[in-house]
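Understanding the architecture of this molecule
Chain residues, written in single-letter form:
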Amino acid sequence: MSNTILQNLQIVFREVFNNTTLIITPLSSAKDIPLWDSLMHITLIASIESKFKISFSFNEVMQFNNVGDIIQVIDQRLKR
Amino acid sequence: MLKNSLYQFEEPISLGFLKSVLSFPERNAVFVAEQYYSYQRLWELVDFIYRQIPTDKTYQTIGIYCNNDIFTYASILAVNLYGAAYVPLNQKFPAVRNKNYIEQCALKLILSSSESVELTMISKDVKVIFTKVDNHEITKRPFQFTSYKKTEQPISYILFTSGTTGIPKGVPVSHSNANYFFNFFLSNYDFNEKDRFLQVYELTFDGSVFSFFMPLLVGACCYVLPDEGIKVFKIPEYLKNFNITVVILVPSVLRYIEQYIDVFLFPALRYSFFAGEALFYELVMRWKKSLPNGNIHNFYGPTETTILCTRYEFDEKKSNEESINGIVPLGKLFEGMSFMIVDENNQPIDKGELCIAGHQVISGYLNNQNQDRFFIRDSVRYYKTGDMVSLNKNGNLIFYGRTDRQVKINGFRVELGEIENTISNYTKTNVVVMCNSSENNMNKLIAYIETKTINENSLIEELRTFLPNYMIPQNFIPIEKFALNLNGKIDREKFKNI
């Protein structure tokens, strides 16, 4: 399940950052991807919510320190 | 004399910090990098760094290569006590930009709590002192409330703003400018040692001067937002977890967390200040619900008039009536400040450019740039803000927009001309940069480049060597041929309709 989520997240990241060669891993964070600032973060969250058809709470969004955290929350939400 | 102070307006503001060390040595002064520092402990660090400044010559300006740690903040205090102007250097800015700041300020000394390749590169011919030390290395000496000034030069700090020509402008704010500014807050607010202020800004942004120094002047604690991760989401976390009582934010912050505002509750927040951008009434009304015990005040002020110089106290009913285009008024000038509204000939008019005079207005830009931004009328010296305003029947200034091509991106001043020149230097073509407001009133930059195709990745990489991230356009659009107006110049009006 996590691998599928990562693959789908990769699609989202590439679209949001307009970079077709971008590779993300569970450890990827704002430190690793240039232009991942507050504005892009909002865009990213909105795109992830649209892709996975879920809506994150603020508490969940606060936990997003890296891609792995995002995967974990998505995984939990999809299992509900 | 300043209110609640023992010193004169020309003295460094950090003397107020010394007063707090005397009065509240055991109270927490700063929380940074997950650690508290008492006033006594902070003083020991400040004094230690102060004593590292070489005594073989006198420095008028000292650079601070900023990190999110106590040594950086202690360095600011040390330099201010020394009497020199502190010049913050932001690691997130391109090296070329920092190098330009160093050259413009003729820096001969930089304090840094970290080493880096970039610092080595930009500090050629500049002495660098490393300020990060282990506890056992800090030698202490008895505290004395006295002057530590080694120079009588009048400038407190120098910050830079975007310049239309592509070269940033240095804004030197004097000790006197700063003291008059803080005196307004000491006289009009009940800040005290029990308050907890949140510091969210980069040290190269003048909001940080308020957020850092204000609590230290009253014995309160300054909580510094960590730099890791997405900062804007840490703001509600800190407001809640640390029971912050005073915060000043750029309105954009609310836009970023807009969809979550309704779940926030901050009963400890006494004062929620806004500044740096237009504040929208509908957004404040939603935010207001999160602050059952808080007062919301809107402020305005260019860097050139020392951080903030007008204030408006938000009130649901009154503000609804006074807001024009949904924008909350700028309010009234601080005591000791005055204004004029002028037309393009600097003649008084009801709706026009706001010009400000008074103790908080700087004497001029670094190296006498842009002297045309100042003029004298009836023996009073005014600064031309470039903001379009009028005065309403309640004596509050109302904001309409800019008179020029300067915009705000997340509170940062951006001259569109600076971005155009930078792109044009690389592409060797005509460039027009526009700033559009999205549905949620957030500004976005779009660059139109007169060319058939654009290699966006290379262009962005090139821009990142000259411009901070917030100045890099979100979209790049190639246009084979720009339309010209009757004067043969690029018809910028056409870009407004795209």
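In this text the structure is predicted, and so the values were computed from the model without any measurement. Positions within a chain are numbered from 1, following the residues in the order the chain's sequence is written. Each chain gets a letter, beginning with A, and each ligand a number, beginning with 1, in the order they are written. Restriction of local features to residues with pLDDT of at least 70 applies here, the model being predicted, together with a cutoff of 80 or more for giving and counting side-chain atom pairs; totals for whole chains, interfaces and linings are based on all residues. Only hydrogens and water are set aside; all other atoms, that is, all heavy atoms of the structure, feed into the side-chain values.

Focus on helix α10 (residues 281-288) of chain B
Type-normalised accessible area, obtained with a 1.4 Å probe on protein chains alone, sets the label of each residue: buried when under 20%, exposed when over 50%, and partly exposed for intermediate values. To qualify as a helix, a DSSP run of H or I must reach at least 4 residues; to qualify as a strand, a run of E must reach at least 2; elements of each kind are numbered from the N terminus. Residues of α10 of chain B that are buried: Y281, L283, V284, M285 and W287 of chain B. Here, residues are in contact when the closest pair of their heavy atoms is within 4.5 Å. Buried residues in α10 of chain B make contact with α8 (231-241), β11 (246-249), α9 (252-256), β12 (271-274), β13 (295-300) and α11 (316-322) of chain B.

Some words on the interface of chain B and chain A
Each partner contributes residues to the interface: chain B has 20 residues there, and chain A has 19 residues. Around 1600 Å² of area is buried between chain B and chain A when both sides are counted, 69% of it from carbon and sulfur atoms. Here the buried area means the combined drop in accessible surface, using a 1.4 Å probe, for two parts upon being joined, counting both sides. For chain B, the biggest contributors to the area lost against chain A are I230, F233 and Y260 of chain B; these three give 35% of the whole. Distance and chemistry together define a polar contact, namely a pair of N or O atoms within 3.5 Å, with one atom able to donate a hydrogen and the other to accept it when in protein, and with adjacent residues in sequence counting only for side-chain atoms on both sides. Linking chain B with chain A are one residue pair in polar contact (both at pLDDT 80 or more). Of all the secondary structure elements, the ones that give two or more residues to the side of chain B that touches chain A are α8 and α13 (456-463) of chain B.

Details of the state of the cysteines
Disulfide: a pair of cysteine sulfur atoms within 2.5 Å of each other. Tallied over the entire structure, the rule returns zero disulfides over all chains. Cysteine C66 of chain B remains unbridged, with the sulfur of C105 of chain B as its closest cysteine sulfur at 13 Å.

A short note on the packing of helix α12 (residues 416-427) of chain B against α13 of chain B
All names here are of chain B. The interhelical angle for the contact between α12 and α13, taken along N-to-C directions, is 125°, at an axis separation of 10 Å. With respect to their mutual orientation, α12 and α13 come out oblique. α13 is crossed by α12, and the crossing has right-handed handedness. In this structure, α12 uses T422, I423, Y426 and T427 to contact α13, whose residues at the interface are S458, L459, E462 and L463. Its residues placed into classes, the contact of α12 with α13 shows four nonpolar, three polar and one charged. Angles here are taken between N-to-C directions and fall from 0 to 180 degrees, while the axes themselves are lines fitted to C-alpha atoms, restricted in helices to the stretch in contact. The scheme is simple: roughly parallel for angles under 35 degrees, roughly antiparallel for over 145, roughly perpendicular for 65 to 115, oblique for anything else. Two helices cross in a left-handed way if the nearer one is turned anticlockwise from the farther one by less than a right angle. They cross in a right-handed way if the turn is clockwise. Polar here means any residue outside two lists: the nonpolar Ala, Val, Leu, Ile, Met, Phe, Trp, Tyr, Cys and Pro, and the charged Asp, Glu, Lys and Arg; Gly therefore counts as polar.

Focus: the domain arrangement of chain B
Residues and elements named next belong to chain B. On domain assignment, one finds that chain B holds domain 1 (1-20 + 35-188), domain 2 (333-401) and domain 3 (410-497). Here the limits of each domain have been adopted from an automatic or database domain assignment. For domain 1 and domain 2, the distance between their C-alpha centroids amounts to 29 Å. Buried area between domain 1 and domain 2, summed over both chains or domains, comes out near 1300 Å², and the portion from carbon and sulfur atoms is 60%. Three residues stand out in domain 1 for area buried against domain 2, namely K169, N177 and F184, and they jointly supply 39% of the buried area on that side. By convention in these notes, a salt bridge is any Lys or Arg side-chain nitrogen within 4 Å of a carboxyl oxygen on Asp or Glu. The interface formed by domain 1 and domain 2 holds zero salt bridges in total.

Things to note about the packing of helix α6 (residues 175-188) of chain B against helix α7 (residues 207-218) of chain B
Residues and elements named next belong to chain B. At a minimum axis distance of 11 Å, the contact between α6 and α7 shows a crossing angle of 55°. The angle between the axes of α6 and α7 places the two elements in the oblique class. In this structure, α6 meets α7 at a crossing whose hand is right-handed. For the pair α6 and α7, the contacting residues are F181, F182, F185 and L186 in the first and V209, F210, F213, M214, L217 and V218 in the second. For the contact of α6 with α7, the per-class residue count stands at ten nonpolar, no polar and no charged.

Brief notes about the pattern of salt bridges
All names here are of chain B. Counted by the stated rule, this structure contains 32 salt bridges over all chains. D227 is the partner of K231 in a salt bridge, and the nearest nitrogen-oxygen pair spans 3.6 Å. On the accessibility criterion, K231 (16% relative accessible area) is buried. The exposure class assigned to D227 is partly exposed, which follows from its relative accessible area of 29%. Within this structure, R255, E258, D262, E282 and R286 form a network of salt bridges that share partners.

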